[in-house]
Amino acid sequence: QVHLVESGGGLVQAGGSLRLSCAASGSIYRNNPMGWYRQAPGKQRELVATITSGAYTNYADSVKGRFTISRDNGKNTVYLQMNSLKPEDTAVYYCNYNAYGLVYWGQGTQVTVSS
């Protein structure tokens, strides 16, 4: 079993920064990818960024150049550094762990960007 706990969300003004953390526990294998997704009100959940154990990263076009995903395998933690935040980044952000097609989700953390 895998348990994911996100933290670091909050309210920030446009142009500001936040750093999200996701602590994973349970049967975590560093070779499996982890990532961040988000869901805004009335919209579908969408990919924000993913990272493999080898630090290969993938970003949604909307966050490239502003967000950075990183991973500390020793702590089983994945981070999302979010800079130059925009009101359209407002959403619940979810951590994700993919174990050979079996996907685990955290409970989500709210990020609100005011204009």
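Definitions and limits used
Residues numbered from 1 in each chain as written. Predicted model: local features only at pLDDT ≥ 70, side-chain atom pairs only at ≥ 80, totals over all residues. Heavy atoms only, no water. Disulfide = S-S within 2.5 Å. Helix = DSSP H or I, 4+ residues; strand = E, 2+ residues; numbered from the N terminus. Buried < 20%, exposed > 50% of the residue type's maximum accessible area, 1.4 Å probe, protein only. Pairing = 2+ DSSP bridges. Axes fitted to C-alpha atoms, helices over the stretch in contact; angles between N-to-C directions. Polar contact = N/O pair within 3.5 Å; in protein donor to acceptor, adjacent residues only side chain to side chain. Contact = heavy atoms within 4.5 Å.

S.K.: Can you walk me through the state of the cysteines in this structure?
M.R.: Structurally, a disulfide amounts to a covalent bond that connects the sulfur atoms of two cysteines. Counted according to the given criterion, the structure contains one disulfide. Each sulfur of the disulfide joining cysteine 22 and cysteine 95 lies 2.0 Å from the other. Because the sign of the S-S torsion sets the handedness, a value of about -80° for the bond joining cysteine 22 and cysteine 95 places this disulfide among the left-handed ones. Of this pair, cysteine 22 sits in strand 3 (residues 18–26) while cysteine 95 sits in strand 9 (residues 91–99), and the two are 73 residues apart along the sequence. Look at cysteine 95 and you get buried, because its relative accessible area is 0%.

S.K.: So what exactly am I meant to see when it comes to the sheet that holds strand 7 (residues 67–72) here?
M.R.: Sheet strands associate in pairs through backbone hydrogen bonding, adopting either a parallel or an antiparallel arrangement. With antiparallel pairing, four strands are arranged side by side in an open sheet as 1-3-8-7. Where the open sheet ends on each side, the last strands, each with one partner, are strand 1 (2–7) and strand 7. For this sheet, the mean angle separating the axes of adjacent strands, direction not counted, is 15°. Where strand 1 meets strand 3, six bridges bridge the pair, whose relative direction is antiparallel. Of the residues in strand 3, the one forming a bridge with serine 7 is serine 21.

S.K.: Sorry, what's going on with the side chain of arginine 38 here?
M.R.: Relative to the assigned elements, arginine 38 resides in strand 4 (residues 34–39). With relative accessibility at 6%, the residue arginine 38 sits in the buried group. Side chain to side chain, arginine 38 and glutamate 46 meet in a polar contact 2.7 Å long. With near-sequence residues (within four places) excluded, arginine 38 lies in contact with Gln44, Arg45, Glu46, Val48, Ser62, Val63, Phe67, Glu88, Asp89, Ala91, Val92 and Tyr93.

S.K.: Sorry, what's going on with unusual backbone geometry here?
M.R.: With the exception of glycine, the majority of residues adopt a negative phi angle, and the majority of peptide bonds are in the trans configuration. Look at asparagine 76: it is not a glycine, yet its phi comes out positive at around 50°. With respect to the element layout, asparagine 76 can be found in the loop between strand 7 and strand 8 (77–82). By relative accessible area, which is 26% here, asparagine 76 ends up partly exposed. With a phi close to 50°, serine 84 is a non-glycine residue in the positive phi region. Within the secondary structure layout, serine 84 lies in the loop between strand 8 and strand 9.

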